[in-house]
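Next come the chains, spelled out residue by residue.
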Protein chains: 2
Amino acid sequence: MKLTSKGRYAVMALVDLARFDSINPVSLRDISLRQGISLDYLEQIFSKLKKNQIVQSIRGTQGGYVLSKKPNEIKLTNIFHAVDEKVKTVQCKKESKKGCNGKATKCSTHNLWDELETHINSFFEKKSLEDLLKNNNDQRI
Amino acid sequence: MKLTSKGRYAVMALVDLARFDSINPVSLRDISLRQGISLDYLEQIFSKLKKNQIVQSIRGTQGGYVLSKKPNEIKLTNIFHAVDEKVKTVQCKKESKKGCNGKATKCSTHNLWDELETHINSFFEKKSLEDLLKNNNDQRI
DNA sequence: ACATACCTGACTAAAATGGTCAAGTATAGA
DNA sequence: TCTATACTTGACCATTTTAGTCAGGTATGT
Ligand code: FES
Ligand code: FES
């Protein structure tokens, strides 16, 4: 099980944004340089963040992005959902009655994976951007 | 983040094994049929489980595999470790002082992912094969 | 007008995944 | 002893996912 770069980058970029957007909108170019993330890739990510009302864009010179909400209102769940970084532990379709093997009942491990998914998601629901800012106050770049 | 089939299959197969091995060694062919997992793939998985002393093999006709330990002594951690289903959340090398971006310090999200990894692993350390058997006593196939 | 920076969609190299295939070896039972 | 069963090993491969790149746009402050 591993976390993909898309999810990691989204959070990294938003932490960066949260730290600097109180002064001016933050351009992706700046984030790209500070965080070492490809500019083109960031654009894809921010397009999704914008669609999900996590950031707002300001076009033109001196433009950039700003958070749409306060850092304590942005949970990791929201971010991950926005960029399609989903936690998937079961093989089967959850809604279906069928098991992952195509049989009529759920397999012997289905409940376990379902518990695991809940366990992981609870972590993402607890953590907000604000929590991350606290941890990094002293680590200004 | 998703769980791979290798990890899922390993657990499914071991639950099957735990349920039936008290009578006779269980052949991979049987597990393959009951669980709907490719026989060739199961062989790869069991080779690793054997190397890690989770199962024992008995060759020849009527042969098969048997658990090496009691179900309550086999944690998910052990199984996952055996088949290289590892939880990886950070991008960087943990031992290194360097960050994922190649910079001198760890990135602003490093601690978060590290916490997440601990959170997930704690789930695997808690759960044993025995826990799974309990849940499925009534679901004999 | 022009530089900046957002916006969009198509494309792609590389890695991981989830297997298959081939050729064995060991052993129980007829 | 022969043979069927079932473990053992290693190479190979198609597909999917990932992590981007590339090539064009469009909007706007100065
Ligand atoms: S994972 Fe849902 S039935 Fe197997
Ligand atoms: S994940 Fe470890 S430094 Fe970024």
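Now for a quick tour of the structure. Bear in mind the structure is a predicted one, so any value in this text is a computation, not a measurement.

## Overview of the overall build of chain A
So, point 1. Looking only at helices and strands, chain A features six helices and two strands.
So, point 2. Secondary structure elements in chain A, listed N-terminal to C-terminal, are α-α-α-β-β-α-α-α.
So, point 3. Taken against the 2.2 N^0.38 rule, which gives 14 Å for 141 residues, the C-alpha radius of gyration of chain A at 18 Å runs more than 25% over that of a compact globule.
So, point 4. Seen through its C-alpha atoms, chain A measures out along the principal axes to roughly 60 × 30 × 25 Å.
So, point 5. Burial status across chain A gives 45% buried among its 141 residues.
So, point 6. A sequence separation of at least 24 residues applies to 62% of the contacts in chain A between residues at least 6 apart.
So, point 7. By element, 47% of the accessible surface of chain A is carried by carbon and sulfur atoms, the whole surface being about 7500 Å².

## So, the relation of the copies chain A and chain B
So, point 1. When chain A is brought onto chain B, the operation consists of a screw motion whose angular component is 180 degrees and whose axial shift is 0.0 Å, with 0.0 Å RMSD remaining. In the structure described here, the two chain copies are related by an operation that fits a two-fold rotation axis. When C-alpha positions in chain A are compared against the rotation axis, the closest is assigned to Met1(A), at 2.9 Å.
So, point 2. By residue overlap, the copies meet face to face through one surface: 100% of the interface positions of chain A are interface positions in chain B.

## Focus on the protein's contact with DNA strand D
So, point 1. The immediate surroundings of DNA strand D are formed by 26 residues, with Ser38(A), Gln44(A), Arg59(A), Lys50(B) and Tyr65(B) found nearest.
So, point 2. Counting only atoms of DNA strand D within 4 Å of the protein, the fraction found in sugar and phosphate groups is 58%.
So, point 3. One of the side-chain nitrogen or oxygen atoms of Arg59(A) is found 2.6 Å away from a base oxygen of DNA strand D.
So, point 4. One of the backbone N or O atoms of Leu28(B) is found 3.3 Å from a phosphate oxygen in DNA strand D.

## A few points about the protein's contact with DNA strand C
So, point 1. Taken together, 26 residues form the shell around DNA strand C, and within it Lys50(A), Tyr65(A), Ser38(B), Gln44(B) and Arg59(B) come nearest.
So, point 2. The sugar-phosphate portion of DNA strand C accounts for 57% of its atoms within 4 Å of the protein, the bases making up the rest.
So, point 3. The backbone of Leu28(A) places a nitrogen or oxygen atom 3.2 Å from a phosphate oxygen of DNA strand C.
So, point 4. The side chain of Thr61(B) places a nitrogen or oxygen atom 3.3 Å from a base nitrogen of DNA strand C.
So, point 5. When residues of the surface near DNA strand C are traced back to their parent elements, those giving at least two are α3 (39-51), β1 (55-58) and β2 (64-67) of chain A together with α1 (5-20) and α3 (39-51) of chain B.
So, point 6. Here the residues of the surface near DNA strand C sort into six nonpolar, 14 polar and six charged.

## Describing the nonpolar core
So, point 1. Counting residues in hydrophobic clusters, the biggest one holds 84 residues, and the most contacted among them are Phe46(A), Leu49(A), Ile79(A), Phe46(B), Leu49(B) and Ile79(B).
So, point 2. Among residues more than four places away in sequence, those in contact with Phe46(A) are Ala13(A), Leu17(A), Leu28(A), Ile31(A), Val55(A) and Tyr65(A).

## As for the packing of α1(B) against α3(B)
Residue and element names in this part refer to chain B.
So, point 1. Where α1 contacts α3, the axes come no closer than 10 Å and their chain directions differ by 80 degrees. Classified by the angle between their axes, α1 and α3 sit roughly perpendicular to one another. Across from Lys-6, Tyr-9, Ala-10, Ala-13, Leu-14 and Leu-17 in α1, the residues of α3 making contact are Tyr-41, Leu-42, Ile-45, Phe-46, Lys-48 and Leu-49.
So, point 2. Taken together, the residues of the contact of α1 with α3 break down into 10 nonpolar, no polar and two charged.

## Remarks on the interface of chain A and chain B
So, point 1. Of the residues lining the interface, 41 residues belong to chain A; the matching set on chain B comes to 41 residues.
So, point 2. Note on chain A versus chain B: buried area summed over both sides is about 3800 Å², and carbon and sulfur give 59% of it.
So, point 3. Contact with chain B buries area across many residues of chain A, yet Met1(A), Arg8(A) and Ser108(A) alone supply 20% of it, more than any other trio.
So, point 4. Linking chain A with chain B are two salt bridges.
So, point 5. Between Glu115(A) and Lys127(B) there is a salt bridge; the shortest N-O distance is 2.9 Å.
So, point 6. Seen at the junction of chain A and chain B, the total is 17 residue pairs in polar contact (both at pLDDT 80 or more).

Reading the values: rules and limits
Residue positions are counted from 1 within each chain, in the order its sequence is given. Here chains are named by letter from A upward and ligands by number from 1 upward, in the order in which they appear as written. Note on the predicted model: pLDDT of at least 70 is required for a residue's local features to be given, and 80 or more for side-chain atom pairs to be given and counted; whole-chain, interface and lining totals, by contrast, use all residues. Just so you know, side-chain values use all the structure's heavy atoms and leave hydrogens and water out. To qualify as a helix, a DSSP run of H or I must reach at least 4 residues; to qualify as a strand, a run of E must reach at least 2; elements of each kind are numbered from the N terminus. Atoms counted for the radius of gyration: C-alpha only. Globule rule: 2.2 Å times residue count to the power 0.38. Each residue is assigned to one of three classes by its accessible area relative to the maximum for its type, calculated with a 1.4 Å probe on protein chains only: buried under 20%, partly exposed between the two thresholds, exposed over 50%. We call two residues in contact whenever any of their non-hydrogen atoms come within 4.5 Å of each other. Exposure was quantified through the Shrake-Rupley algorithm and a 1.4 Å probe, taking into account, for residues, occlusion by the shown protein chains and nothing else. The atoms used to superpose the copies are C-alpha atoms, taken from residues with pLDDT of at least 70 in both, and the fit is least squares. The nearness test applies per residue and asks whether one of its heavy atoms lies within 4 Å of the molecule or strand. N or O atoms within 3.5 Å of each other form a polar contact, as long as, within protein, one can give a hydrogen and the other can take it, and as long as residues adjacent in sequence are counted only when both atoms are side-chain atoms. Charged means Asp, Glu, Lys or Arg here, nonpolar means Ala, Val, Leu, Ile, Met, Phe, Trp, Tyr, Cys or Pro, and polar covers whatever is left, Gly included. Throughout, nonpolar core names a set of buried Ala, Val, Leu, Ile, Met, Phe, Trp, Tyr and Cys residues whose side chains join them through atoms within 4.5 Å. Each axis is a line fitted through C-alpha atoms, taken for helices only over the stretch in contact, and angles between the N-to-C directions span 0 to 180 degrees. For classification purposes, angles smaller than 35 degrees are called roughly parallel, those larger than 145 roughly antiparallel, those between 65 and 115 roughly perpendicular, and all remaining angles oblique. When two parts are put together, the accessible area they lose, computed with a 1.4 Å probe and summed over both, is reported as buried area. Salt bridges are defined by distance alone: a side-chain nitrogen of Lys or Arg within 4 Å of a carboxyl oxygen of Asp or Glu.

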